[in-house]
Amino acid sequence: MNELRTTTNGAGAKHAPETVIRVRGLVVGFGDQVVVDDVDLDVYRGEVLGFVGGSGQGKTVLMRTILGLLDKRAGSIELFGKNRDSLPEEERHWLEQRWGVLFQNGALFSSQTVKQNIQMPMRENRDVSHRFMDELAMLKLELVGLPADAADKLPSELSGGMVKRAALARALSLDPELLFLDEPTSGLDPIGAAEFDELIATLQKTLGLTVFMVTHDLDSLYSICDRVAAIADGKVIAAGAMETMLASDHPWLHAYFHGVRGRRLTGALSQRKDETWKPAPVTR
Amino acid sequence: MATDQIENSPKVSYQRRGDTAQFALSGDWTLIASSLVEDQAAVIVSEGRGAARAVIDVHDVARLDTAGAWLINRSRDELAHAGVDVAVEGARPEHNLLLEEAHFRRFAPPARRKGNALVDMFAELGRLVVTGFRDLHAGMGFLGEFVADVGRIFVRPWRFRGVSLVFHIERFGFHGVPIIALINVLVGGIVAQQGIFQLRRFGASSYAVDLIGILILRELGVLLTSIMLAGRSGSAITAELGSMKMREEIDALRVMGLSPIEVLVAPRVLALMVALPLLTVIADMMALFGGLLVSWVYEGISPAAFLGLLQRAIGRNTFYVGLIKAPFMAFVIGLIGAMEGLATEGSAESLGRHVTASVVKSIFMVIVLDGFFAIFFAAIDY
C-alpha cells in the first residue's frame, strides 16, 4: 500500500498536495430529513479516495451533490479550487468537462452503440475529425480492456462487467482529471470485481487521475484506495489512511472493518507483514 | 469553440538540419485543444515527409493526455510508413507512460454487412408476417391458458379474488367515468352537428336524430369507450404486469405454486369485462345528450321533440347491438394487455415497447372485432 501511494502521489508528494475537491459545511436534505449534515471533505490530486458508509447513510447523496445533480442547503463545494456556485455558466460547463462519472448501472445510452456512447462527449464538446474520434474511441475501449468488436454493440448486448467497462471508457472520453465512481464493483463477480479494481488502479497511474470512489467493497478499499473517508448518519466520521480507519473505535467503522468479512481481510493484510500496520485494539 | 479555453495551445517548431527534420513540441497536447492538436500533428507529418530522419522532441510538452499521445504516435507511424526514420525523444516519465499506453495500432474497420436492399426489404416483410402469425399463435395459447385457469376458478370458487376484482372495477370503470363521459358528449355533439349540416341540404335535417341514435348506439359509443379503455387501462395492465415481471414478482408467484393468470390476470380481465359494458351505457347516454344539445342549439329541435324522434328511430335492439359487443372488446383488451405484460423482458426499454405494442394491438383488434360484429349482425338481420 505504501508503495502504491508513493507512486501515485509521485509529483504531488514534493509540495503540499493540491486539493481537487474541497467540501465545507455541506448540508443536504429532502423535506424534513437531513441526509448530509455539515460535512467537510478533501480530496487531493492523484489519490484514490474510497468513500464508505452503510446503505442510506448519504454516500451517494454526497456524490450527487458534488456533481451538481442535487441541490445543497448550506455549505460550499470547491472543485479544482473554484466554487461552482460563483462560476458563470460558461466556466461551469468547462469545469464539468474535467471530470468523468461512472454511474452505478453504467448509464450507457441504450439507443447508441458502445462506440457512439464513448464518442458522445467528444462529439458534443470538442471539434475533432471523425477519424480521430473513431481512433480515440477504439483506444479508450482497449484501455478499459474491451474487445474491438464490442464497439458496435448496443449496451443491451453486453454483460454486466462489460457494461461497467464501457461506461468507464465513456467516463474517460475527454481524458478527465477527476473520476467519480459510484460502486464500481457492485454487481460483478469477485473475479470481475478484482479485475475492475486492478483496471482502475492501472488507469489511475497511467492517466494520473484523481479518483473519488463510493463503495461498499472492502476488497476495493484494501487494494486500490490511498485514503478512506467514512460517512454515518450524515456526517464524515473518519477520514485517512486505511490504518487510521482500522484503529478507529467508532461503532460503525468497527463493525465494518472488524466484522466477519473485514476480519478476514485484515487477517490477510497482517500476513503480508506490513510494518506500518498495527493490529486494531481489542475492545471486547 | 474549445480554443478560448486553452491558455497554452499546442505548438510544433520545425527545423531542418541536412536530411534530419527536428520537431520540438510545446504547449498542451490535450483533447481540449480539439482540432488544434490535430492540425499540429498534421504539420509534423507533412513537414517530416521527404526527410531521411525525423526527431520528435516532446520534452517541452506541458500537458499530455491520451489524445495527444495518440496523435504523436500516429504521426510517428505515418512518417515511418513514408520511409522516414523517426524517433520520439525527451519524454518525461509521466508522459512516457502515456505514450506507451497510447501506442499506435491499426483498428480494424467494423465489418460491414453486405446485402441487397431489395432482398433486405423482402426479408423484413417476411419477418413481419412470421412475427404476426407467431403473435396470433401465442395469443391463442394464452387464451387457452386463461380459459383453463378461469375454469379452475369455477371448480374452486373460494380461490377467486373478489376484492381484487372489485378494486380493479373501481380503477378501470369508476375512475374512467369522467373522461369517457366527456369525450362522448363531444363526439355526440360533433356527429349531430355534421349530420344536421349535411342533411340540411336535402331538407332532411330532422333525420339527423336517426343518424345520431343509430350510429352512436350501434357503433360509436362502444368503439370509443373500448379505444379509450385500451389506452387507459390496457396499457396500465401491461405496465403493471410488465414491471412485476421485470422485478421477478411473477416468478416469485410461480414458485409459490400460484398461477399468475389466476392471481393477476383473471381479476383484471374480468374487471374489464364488467367495467366496459357499464361504461358503454354511460357513454351512450352522454353521446345522446351531446347530440340533443347540439340539435337544440343548431336546429331548434327541442329536447322533447328529440326524444320523440329518437324513440321512432331506434329500437331496443339498437342499444343491445352496442352493448353485446362490449364484454368481447374488454376481453380482447385485457388479454392483449396481460399477454404483452407477461412477455416483458428484463429491461425498461422492453417494458416501454410492450406497453406501446399492447395499446396498438388492442386498438387494432377492437376495430377488427367491431368489423366482424357488423358483418355478423347484418347477417342475422338484428
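Reading guide: rules and limits
- Residues numbered from 1 in each chain as written.
- Chains lettered and ligands numbered in written order.
- Predicted model: local features only at pLDDT ≥ 70, side-chain atom pairs only at ≥ 80, totals over all residues.
- Heavy atoms only, no water.
- Helix = DSSP H or I, 4+ residues; strand = E, 2+ residues; numbered from the N terminus.
- Rg over C-alpha atoms; globule rule 2.2 N^0.38 Å.
- Contact = heavy atoms within 4.5 Å.
- Lys, Arg positive; Asp, Glu negative; His and termini not counted.
- Charge placed at Lys NZ, Arg CZ, Asp CG, Glu CD.
- Salt bridge = Lys/Arg side-chain N within 4 Å of Asp/Glu carboxyl O.
- Buried < 20%, exposed > 50% of the residue type's maximum accessible area, 1.4 Å probe, protein only.
- Pairing = 2+ DSSP bridges.
- Axes fitted to C-alpha atoms, helices over the stretch in contact; angles between N-to-C directions.
- Phe/Tyr/Trp six-rings, centres within 6.5 Å; stacked < 30°, edge-to-face > 60°.
- Lys NZ or Arg CZ within 6 Å of the ring centre and 35° of its normal.
- Buried area = accessible area lost by both parts, 1.4 Å probe.
- Nonpolar A, V, L, I, M, F, W, Y, C, P; charged D, E, K, R; others polar.
- Parallel < 35°, antiparallel > 145°, perpendicular 65-115°, else oblique.
- Left-handed = near helix turned anticlockwise from the far one by under 90°.
- Expected span 1.5 Å × (residues − 1).
- Polar contact = N/O pair within 3.5 Å; in protein donor to acceptor, adjacent residues only side chain to side chain.
- Domains from an automatic or database assignment.

## Describing the overall build of chain B
Okay, step 1: A tally of regular secondary structure across chain B gives 12 helices and four strands.
Okay, step 2: For 382 residues, the compact-globule estimate of 2.2 N^0.38 gives 21 Å, and the C-alpha radius of gyration of chain B, at 36 Å, exceeds that figure by more than 25%.
Okay, step 3: Considering only intrachain contacts with a sequence separation of at least 6, the fraction spanning at least 24 residues in chain B is 81%.
Okay, step 4: Positive and negative side-chain charges of chain B, numbering 34 and 37 respectively, have mean locations separated by a distance of 7 Å.

## Details of the pattern of salt bridges
Okay, step 1: With the rule as written, the count across this model stands at 27 salt bridges over all chains.
Okay, step 2: With its nearest N and O atoms 2.4 Å apart, the salt bridge here joins A:Glu135 to B:Arg74. In this pair, A:Glu135 sits in helix 5 (residues 130-143) while B:Arg74 sits in helix 2 (residues 66-81), so the two residues belong to two different chains. The pair A:Glu135 / B:Arg74 is uniform in exposure class, with both members buried.
Okay, step 3: Between B:Arg268 and B:Glu240 there is a salt bridge, and its shortest N-O distance comes to 2.7 Å. Here the residue B:Arg268 occupies a position in helix 9 (residues 260-299), and B:Glu240 occupies one in helix 7 (residues 208-246), the gap between them amounting to 28 residues.

## Focus on the environment of A:Met242
Okay, step 1: Topologically, A:Met242 is positioned in helix 9 (residues 242-247).
Okay, step 2: A sequence separation of 133 residues divides A:Met242 from A:Phe109, and the C-alpha atoms of the two residues are 36 Å apart.

## Remarks on the sheet that holds strand 4 (residues 85-89) of chain B
Residues and elements named next belong to chain B.
Okay, step 1: With mixed pairing, four strands are arranged side by side in an open sheet as 1-2-3-4. Here the strands that pair on one side only, and so sit at the sheet edges, are strand 1 (11-17) and strand 4. Neighbour to neighbour, the strand axes of the sheet diverge by 15° on average, direction disregarded.
Okay, step 2: Here strand 3 (residues 53-64) runs beside strand 4; their pairing, made up of five bridges, is parallel. Its bridge partner being in strand 4, Val-55 is matched across the sheet by Ala-87.
Okay, step 3: Along the sheet face, helix 2 touches strand 2 (20-29), strand 3 and strand 4 and points at about 175° away from the line of strand 3.
Okay, step 4: Its contacts with the sheet put helix 3 (residues 93-101) on strand 3 and strand 4, and the angle it makes with strand 3 is roughly 115°.

## Examining the side chain of A:Lys140
Okay, step 1: Take A:Lys140: it is sitting in helix 5.
Okay, step 2: Setting aside residues up to four positions removed in sequence, A:Lys140 forms contacts with A:Ile118, A:Ala169, A:Leu172, A:Ser173, A:Asp175 and B:Thr66.

## Concerning the packing of aromatic side chains
Okay, step 1: A complete count under the given rule lists 14 aromatic pairs over all chains for this structure.
Okay, step 2: Look at A:Phe180 and A:Phe212: their rings are 5.5 Å apart centre to centre, the planes differ by 55°, and that puts the pair in the tilted class. Separated by 32 residues along the polypeptide, A:Phe180 in strand 7 (residues 178-182) and A:Phe212 in strand 8 (residues 210-214) bring together distant segments of the chain. Here A:Phe180 and A:Phe212 have matching classes, each one buried.
Okay, step 3: Through pairs of rings, three or more aromatic residues link up here, namely B:Phe328, B:Phe373, B:Phe376, B:Phe377 and B:Tyr382.
Okay, step 4: Stacked on the ring of A:Phe80, the Lys or Arg A:Arg98 has its end atom at 4.0 Å from the ring centre.
Okay, step 5: The ring of A:Phe109 carries A:Arg170 above its face, with NZ or CZ at 4.6 Å from the centroid.

## Thoughts on the side chain of A:Thr210
All names here are of chain A.
Okay, step 1: Mapped onto the fold, Thr-210 is located in strand 8.
Okay, step 2: By relative accessible area, Thr-210 is classed as buried at 0%.
Okay, step 3: Excluding residues within four positions of it along the chain, Thr-210 makes contact with Val-20, Val-43, Tyr-44, Arg-45, Gly-46, Glu-47, Glu-177, Leu-178 and Leu-179.

## Thoughts on the interface of chain B and chain A
Okay, step 1: Of the residues lining the interface, 24 residues belong to chain B; the matching set on chain A comes to 26 residues.
Okay, step 2: In total, about 2,400 Å² of surface goes out of reach between chain B and chain A, with carbon and sulfur atoms giving 63% of it.
Okay, step 3: Considering only the side of chain B, the residues that lose the most area to chain A are B:Leu31, B:Thr66 and B:Phe107, jointly responsible for 25% of the buried surface there.
Okay, step 4: The tally of links from chain B across to chain A stands at two salt bridges.
Okay, step 5: Linking B:Glu78 and A:Arg131 is a salt bridge whose minimum nitrogen-to-oxygen distance equals 3.0 Å.
Okay, step 6: Looking at the side of chain B that touches chain A, the elements with two or more residues in it are helix 1 (35-48), helix 2 and helix 3 of chain B.
Okay, step 7: Per-element accounting of the side of chain B that touches chain A gives the leading share, six residues, to helix 2 of chain B.
Okay, step 8: For the side of chain B that touches chain A, a count of residues per class yields 12 nonpolar, four polar and eight charged.

## Regarding the packing of helix 9 of chain B against helix 10 (residues 303-313) of chain B
Residue and element names in this part refer to chain B.
Okay, step 1: Contact geometry for helix 9 and helix 10: axes closest at 9 Å, N-to-C directions at 125°. Taken together, the axes of helix 9 and helix 10 are oblique relative to one another. In the crossing of helix 9 with helix 10, the sense of the turn from one axis to the other is right-handed. In this structure, helix 9 contributes Leu-288, Gly-291, Leu-292, Ser-295 and Trp-296 to the contact, and helix 10 contributes Pro-303, Phe-306 and Leu-310.

## Thoughts on helix 4 (residues 117-155) of chain B
All names here are of chain B.
Okay, step 1: The end-to-end C-alpha separation of helix 4 is 57 Å, in line with the 57 Å expected for 39 residues at 1.5 Å each.
Okay, step 2: By the burial criterion, the buried members of helix 4 are Gly-139, Phe-142, Phe-146, Asp-149, Val-150 and Ile-153.
Okay, step 3: Buried residues along helix 4 sit in contact with helix 9 and helix 11 (316-342).
Okay, step 4: Taking the backbone nitrogen of Leu-118 as reference, a side-chain oxygen 2.8 Å away marks Asn-116 as the first, capping residue of helix 4.

## Examining the pairing of strand 2 (residues 33-44) of chain A
Side chains on a regular strand alternate between the two faces of the sheet.
Residue and element names in this part refer to chain A.
Okay, step 1: Bridge count for strand 1 (residues 19-30) against strand 2 is eight bridges, and the pairing is antiparallel. The residue of strand 2 that forms the bridge with Ile-21 is Val-43.
Okay, step 2: Linking two consecutive strands that pair antiparallel, namely strand 1 and strand 2, is a turn of two residues; a positive phi of about 60° is found at Gly-31 within it.

## Here we look at the domain arrangement of chain A
Residues and elements named next belong to chain A.
Okay, step 1: Taken domain by domain, chain A consists of domain 1 (1-9 + 42-70 + 82-98 + 178-276) and domain 2 (108-175).
Okay, step 2: In this complex, domain 1 contributes 15 residues to the contact, which on the side of domain 2 involves 13 residues.
Okay, step 3: Summing both sides of the interface, domain 1 and domain 2 together bury roughly 1,200 Å²; the carbon and sulfur share of this comes to 68%.
Okay, step 4: The interface formed by domain 1 and domain 2 holds one salt bridge in total.
Okay, step 5: Going through the elements one at a time, helix 3 (89-96), strand 7 and helix 7 (190-207) are the ones with two or more residues in the side of domain 1 that touches domain 2.
Okay, step 6: Looking at the side of domain 1 that touches domain 2, its residues break down into 10 nonpolar, three polar and two charged.

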